[in-house]
Amino acid sequence: MLRELLTDSRIALGRALAAGDARPRVRETGVVRQVGSGIARIAGLPGLGAEELVELPGGLFGLAVDLEPEDVGVVLLGPSTHLAAGDEARATGRLVDAPVGAALLGRVLDATGRALDGKGALAATARRPVESAAPAILDRAPITVPLQTGLKVVDALVPIGRGQRELIVGDRQTGKTSIAVDTILNQRGRDVICVYCAIGQRGTAVARVVDTLRRHDALAYSIVVVASGEDPPGLQFVTPYAATAMAEHFMEQGRDVLIVYDDLTRHARAYRELSLLLRRPPGREAFSGDIFYIHSRLLERATRLCAERGGGSLTALPIVETQAQDISAYIPTNLISITDGQIYVSPEHFRKGLLPAVDVGRSVSRVGGKAQLRAYRTVAGELRLAYAQFEELETFSRFATRLDEDTRATIERGRRVREVFKQNEGAPLSVGMQLVALRAVVDGLLDRVPLDAVVGAERSIRDAAAKAHPELLARIDSGAAISGQEWDALAQTTRDALGAD
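Residues numbered from 1 in each chain as written. Predicted model: local features only at pLDDT ≥ 70, side-chain atom pairs only at ≥ 80, totals over all residues. Heavy atoms only, no water.

(A) Geometry of the side chain of R416. Assignment of secondary structure puts R416 in helix α11 (residues 405-421). Contacts of R416, omitting those with residues within four sequence positions, involve V441, L446, D447, V449, P450, L451 and V454. (Helix = DSSP H or I, 4+ residues; strand = E, 2+ residues; numbered from the N terminus. Contact = heavy atoms within 4.5 Å.)

(B) How the structure looks around the packing of aromatic side chains. All chains considered together, the criterion is met by five aromatic pairs. Residues F237 and Y271 carry aromatic rings whose centres are separated by 5.0 Å and whose planes lie at 25 degrees to one another, so their mutual orientation is stacked. You can see F237 sitting in helix α5 (residues 233-251) and its partner Y271 sitting in helix α6 (residues 264-277), a full 34 residues away along the chain. There is no split in this pair, since F237 and Y271 are both buried. When the ring of Y387 is compared with that of F390, the centres are 5.8 Å apart and the planes differ by 45 degrees; the resulting orientation is tilted. (Phe/Tyr/Trp six-rings, centres within 6.5 Å; stacked < 30°, edge-to-face > 60°. Buried < 20%, exposed > 50% of the residue type's maximum accessible area, 1.4 Å probe, protein only.)

(C) Representation of the pairing of strand β6 (residues 88-95) in the model. Pairing of strand β1 (residues 29-35) with β6 involves three bridges; the strand directions are antiparallel. When the sheet's bridge partners are listed, G30 is paired in β6 with A89. Direction of pairing for strand β3 (residues 52-56) relative to β6: antiparallel, over a ladder of three bridges. From the neighbouring strand, E52 faces β6, where its bridge partner is L95. (Pairing = 2+ DSSP bridges.)

(D) A look at the pairing of strand β5 (residues 72-76). Among the five residues of β5, five are classified as buried, and the element is accordingly described as predominantly covered. As judged from the four bridges shared by strand β2 (residues 39-43) and β5, these two strands associate in the antiparallel manner. Each residue of the ladder has a partner; that of R41, found in β5, is G73.

(E) A look at the sheet that holds strand β11 (residues 192-201). The strand order across the open sheet formed by eight strands is β8-β12-β11-β13-β14-β10-β15-β16, and the pairing between neighbours is mixed. In the strand order of this sheet, the two ends are held by β8 (108-109) and β16 (364-365), each with one partner. Bridging between strand β10 (residues 167-171) and strand β14 (residues 313-322) involves four bridges; their strand directions are parallel. Looking at β14, one finds that V169 is bridged to V320.

(F) Quick look at the packing of α11 against helix α13 (residues 454-468). Running from N to C, α11 and α13 cross one another at 65 degrees; their axes reach a closest spacing of 9 Å. Considering only the axes of α11 and α13, their crossing is right-handed. Along the contact surface, α11 presents R416, E419 and V420, while α13 presents V454, V455 and E458. Across the contact of α11 with α13, the residue classes break down as three nonpolar, no polar and three charged. (Axes fitted to C-alpha atoms, helices over the stretch in contact; angles between N-to-C directions. Left-handed = near helix turned anticlockwise from the far one by under 90°. Nonpolar A, V, L, I, M, F, W, Y, C, P; charged D, E, K, R; others polar.)

(G) Molecular detail of the packing of helix α10 (residues 374-397) against helix α12 (residues 431-442). Across the interface, α10 lies against α12 with an axial gap of 10 Å and an inter-helix angle of 40 degrees. As summarised for this structure, α10 and α12 are arranged oblique, according to the angle between their axes. In the packing of α10 onto α12, the handedness of the crossing is left-handed. For the pair α10 and α12, contact is made by A375, Y376, T378, V379, E382 and L383 and by V431, Q434, L435, L438, R439, V441 and V442, respectively. Taken together, the residues that form the contact of α10 with α12 break down as nine nonpolar, two polar and two charged. (Parallel < 35°, antiparallel > 145°, perpendicular 65-115°, else oblique.)

(H) Examining the environment of T303 more closely. Residue placement: T303 occurs in the loop between α7 (291-299) and β14. Placed 142 residues apart in sequence, T303 and G161 show a C-alpha to C-alpha distance of 10.0 Å. If we skip the residues at most four places from it in the chain, T303 touches P135, R140, G163, M251, G312, S313 and L314. Polar contacts involving the side chain of T303 include one to the side chain of R140, which spans 3.4 Å. (Polar contact = N/O pair within 3.5 Å; in protein donor to acceptor, adjacent residues only side chain to side chain.)

(I) Representation of unusual backbone geometry in the model. Residue D263 is reached from D262 by a cis peptide bond, and omega for that bond is -5 degrees. Relative to the helices and strands, D263 is located in the loop between β13 (256-262) and α6. In this chain, L355 is followed by P356 through a cis amide linkage whose omega measures 0 degrees. Following the sequence through the fold, P356 ends up in the loop between α9 (347-351) and β16. The phi dihedral of Q173 is positive, around 60 degrees, even though this residue is not glycine. Within the fold, Q173 resides in the loop between β10 and α3 (176-185). Residues other than glycine seldom take positive phi values, yet A324 does so here, at roughly 55 degrees. By the secondary structure assignment, A324 is in the loop between β14 and α8 (330-338). By relative accessible area, which is 69% here, A324 ends up exposed.

(J) Region of interest: α8. Most of α8 sits inside the fold, with seven of its nine residues counted as buried. What α8 keeps buried is the set Y330, I331, P332, N334, L335, I336 and I338. In this fold, the buried residues of α8 make contact with β10, α6, α7, β14 and β15 (341-345).

(K) Spotlight on the state of the cysteines. If you walk through the whole model with that rule in mind, you get zero disulfides. Free cysteine C197: the closest other cysteine sulfur is in C194, separated by 14 Å. (Disulfide = S-S within 2.5 Å.)

(L) The arrangement of the sheet that holds β2 in detail. Around the barrel, six strands lie side by side as β1-β2-β5-β4-β3-β6; this closed barrel has antiparallel pairing. Between one strand axis and the next, the sheet turns through 45 degrees on average, direction left out of account.

As structure tokens, this is what we get:
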């Protein structure tokens with residue numbers, strides 16, 4: 001028995017030695033000279049490259065960002081309470097990367113690939129560098145395919161196309177995240193993969209978003225990448241680049257992808273903290289001079305690829321927080337200049353209960369009608385003009401004692417347009433359902449409906465149209481052109497639902 005055990009041990013040892021690589025290796029090692037809050041300075045790594053990973057004790061990794069003659073400034077990508085001066089550091093020879101692939105769908109993870117949802121380790125087999133060059137101009141295609149958000153006020157007046165970068169800007173607690181999450185919910189059944197990137201958010205806020213996605217069966221086509229406010233600033237800085245790498249993997253396979261950055265204000269603050277710790281010269285508002293570049297190189301990766309590159313797209317919805325409605329602050333103006341338009345969320349609208357609190361006058365899409373379904377174009381121009389006139393006249397009417405009939409009619413219709421724009425959170429609407437309500441208010445069919453009954457009347461209109469014209473609504477959803485007779489049929493159904501003549 002003992003002889004058999006010895007024989008088996010020799011065989012196992014021989015196999016292990018045969019499988020091993022006994023060749024000598026050359027690895028650069030250095031010594032930690034200083035450890036700060038989220039950064040370290042390391043001496044003795046002369047061959048280290050920019051943005052290369054450095055391995056530290058305890059399974060901790062760092063990102064080399066400052067290459068000085070005497071030492072290297074390293075941004076730490078994890079907790080560093082165990083790290084001390086004198087510890088050994090090793091160069092890995094590889095750049096920061098993130099897991100990619102279909103195995104990430106439905107999971108919650110951090111930038112390094114560590115699972116945060118309690119479902120076990122990820123089954124991803126491929127990894128991709130978090131930093132990559134933006135597609136060349138000749139590799140891009142014009143943005144012509146709409147990305148429906150399911151929100152009437154956005155799809156009608158601030159349309160978003162696949163491959164566009166549309167900024168969501170506003171004060172805190174005004175519903176910015178709700179607009180982005182509703183857009184994710186509306187991609188169900190539309191063959192769009194969604195990536196939600198939370199940067200510096202509270203754990204409860206992220207858990208609420210994940211729960212919303214799960215309840216609406218949206219987590220199956222989504223990836224949630226999280227760097228909480230308790231995480232080191234280095235991990236918060238890397239997270240949006242890692243999330244973009246995960247999204248680019250699907251884009252290069254010809255898929256349409258939507259990514260939400262929530263939010264880039266906290267990302268900029270994390271980078272400011274790192275820059276100051278690394279003793280970089282501060283600029284405006286203590287941000288370093290390259291703060292514009294860290295966001296431009298991120299958002300320029302969002303585009304629509306040409307047919308030769310597979311035709312995939314990456315649509316970005318970055319979120320930025322303002323203070324006291326100051327959209328002319330440093331970070332908001334930087335992002336406004338990078339993106340293709342902005343959706344401004346107004347605290348005044350929010351306090352009045354006009355949800356989603358989108359300020360149409362301050363919101364714009366620089367792609368415009370090029371990425372809008374033809375059915376919207378029949379109502380969008382007239383709707384925007386009528387709403388703009390209403391807002392001016394409503395302000396003027398506060399100082400006037402008597403108004404002529406035309407002015408009064410414009411104000412009353414504008415108030416009904418504003419009521420129709422109201423929409424509950426987590427309830428995105430299809431294109432057909434939106435247009436039924438929008439055409440009704442533009443054509444004046446709701447002018448005689450009391451203001452407090454408009455929401456109920458709109459619901460009745462949608463229900464009646466869904467029962468009477470399901471095939472027509474399906475054609476509208478597909479983007480087909482609708483004839484005048486078909487619009488007349490919908491208008492008649494609306495009159496019948498309202499009991500009008």
